Every structure is written in C-alpha cells, then in structure tokens.
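An overview of the molecular structure
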Amino acid sequence: MLFISIFFIHLCVLVVPGPDFLLNSRTRLIGNKKAVIQVVTCTTLGAIIWALFSLLGLHLIFQYYPFLRELVLFGGLVYLFYLAFQIYRSADLPLPAEHGIGHSYFFTGLLTNLTNPKALLYFSSIFSIIHFGSNPSNVFFIFIMITLESLIWFLFVGLVFSHSGIQAFYQIYKFRIDRLSACVFIMFACSIIFKLFVK
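Residues numbered from 1 in each chain as written. Predicted model: local features only at pLDDT ≥ 70, side-chain atom pairs only at ≥ 80, totals over all residues. Heavy atoms only, no water.

With that settled, consider the overall build of the protein chain. Helix and strand counts for the protein chain stand at ten helices and zero strands. Along the protein chain, helices and strands appear, N-terminal first, in the series α-α-α-α-α-α-α-α-α-α. Long-range contacts, defined as pairs at least 24 residues apart, comprise 88% of the intrachain contacts of the protein chain with a sequence gap of at least 6. (Helix = DSSP H or I, 4+ residues; strand = E, 2+ residues; numbered from the N terminus. Contact = heavy atoms within 4.5 Å.)

See the structure below:
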C-alpha cells in the first residue's frame with residue numbers, strides 16, 4: 001500500500017505542469033535530440049537528488065534550520081523569474097538553424113529541477129509524513145521507483161513534443177507560445193510566493 005500511494009502521489013506531481021515540464025517540452029520543440037537527452041537526464045537527476053535527500057531526512061534538516069528552506073525557495077523563485085525573462089526575450093527571435101539555443105542544456109535541466117520550488121515543497125512535506133519502516137529495502141525500492149517514474153515521464157513528454165505536427169504548430173505560433181510559457185513561469189513563482197506569505 002505504501003509503494004502504491006507513493007507511486008500515484010509522485011505521478012500526480014509529475015503530471016501537473018511545472019518548470020521541469022515546460023523546460024522539457026520547450027526544449028524538444030526548439031532543440032535537437034542531444035539537447036532533449038541532456039534535459040531529460042538532468043531533470044531526472046534533479047528528482048533523484050531530491051528523493052535521496054528526502055529519504056535521508058531532508059525535512060528534519062529544514063525543521064531544525066528553517067532558514068535553509070526559505071533560502072532554497074528564494075533561490076528557486078529567482079531562477080524561475082530568470083527563466084521567464086529568457087523565454088520572453090527569445091519570443092521574437094527565429095528558431096536557430098541547428099535548433100540549439102547556445103547554452104548548456106545539461107546545466108539548465110539540472111538547475112531547473114534543483115531550484116524548483118514545487119519539488120522542494122513536495123519532497124520536504126509529503127515524504128516527511130510517510131512512514132517507510134525500518135526495512136532498508138523499502139527505502140531502496142522507493143528510490144528506484146521514483147527514479148524510473150521520473151525518467152519515463154520526462155521521456156514521454158519529449159516523445160510527445162517531438163511529433164512533427166506539434167513542432168510545426170509551435171513554429172507558426174512561437175511568439176504567442178513563448179510569451180505564454182514565460183507568463184506561466186511567472187504565475188507559478190507568484191503562486192509559491194502567495195503560499196509562503198499568505199497562510
């Protein structure tokens with residue numbers, strides 16, 4: 001029952017669009033396969049790191065040192081606004097000839113997930129109320145399950161947005177889609193700020 005609960009909770013968190021989803025989908029629209037592999041690998045790696053920290057007692061660290069949680073959240077919010085600005089600024093620019101955007105997808109994918117406020121709130125709250133038991137194999141199995149679940153989902157997102165019809169649609173409406181994506185990033189950051197200060 002524990003494994004099933006965590007599986008569906010994590011699936012719901014993955015499916016609900018957030019910074020990692022937007023980054024993966026947009027990268028597939030404007031980048032090549034190498035770029036997609038880098039982003040998928042690193043967003044998954046970010047989820048692995050968060051899961052590992054949570055299973056090792058991340059919520060306890062934040063409980064004793066709450067300023068660390070606020071500091072990580074603040075850094076994540078700043079990065080979300082930065083990504084929104086970059087996407088908004090590139091809305092007027094044509095797609096590059098070789099479908100690259102001239103920066104490290106690897107670093108961007110990892111940083112987006114590690115600074116994702118949604119990931120921080122999820123892993124430091126949900127995992128703090130779940131009892132894993134004294135069996136180390138439970139922790140190991142949950143860790144593997146979350147890793148595979150994240151990897152499969154991000155690969156699925158990349159596959160869906162690799163469809164030629166979707167890519168053609170994006171090329172036609174790139175300006176509007178990029179501006180909308182930037183607004184979604186900003187709205188998500190503002191929603192986190194609202195949750196933090198309006199309780």
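This next bit is on the side chain of Asp-178. On the secondary structure map, Asp-178 appears in helix H10 (residues 174-197). For Asp-178, a relative accessible area of 0% corresponds to the buried category. Not counting residues up to four positions away in its chain, the partners in contact with Asp-178 are Arg-26, Ile-87, Ser-90, Ala-91 and Tyr-170. (Buried < 20%, exposed > 50% of the residue type's maximum accessible area, 1.4 Å probe, protein only.)

Let us now look at the packing of aromatic side chains. Aromatic ring pairs are defined here through the distance separating the ring centres and the angle between the ring planes. Considering all chains together, one arrives at two aromatic pairs under this definition. Look at Tyr-65 and Phe-67: their rings are 6.3 Å apart centre to centre, the planes differ by 90 degrees, and that puts the pair in the edge-to-face class. Taken together, a centroid distance of 5.6 Å and an interplanar angle of 35 degrees make the contact between Trp-153 and Phe-156 tilted. In this pair, Trp-153 and Phe-156 are both assigned in helix H8 (residues 136-160), three residues apart and thus about one turn of the helix distant. Its relative accessible area of 16% is what places Trp-153 among the buried residues. The exposure class assigned to Phe-156 is partly exposed, which follows from its relative accessible area of 44%. Taking the ring centre of Tyr-88 as reference, the NZ or CZ of Arg-179 above it sits at 3.7 Å. (Phe/Tyr/Trp six-rings, centres within 6.5 Å; stacked < 30°, edge-to-face > 60°. Lys NZ or Arg CZ within 6 Å of the ring centre and 35° of its normal.)

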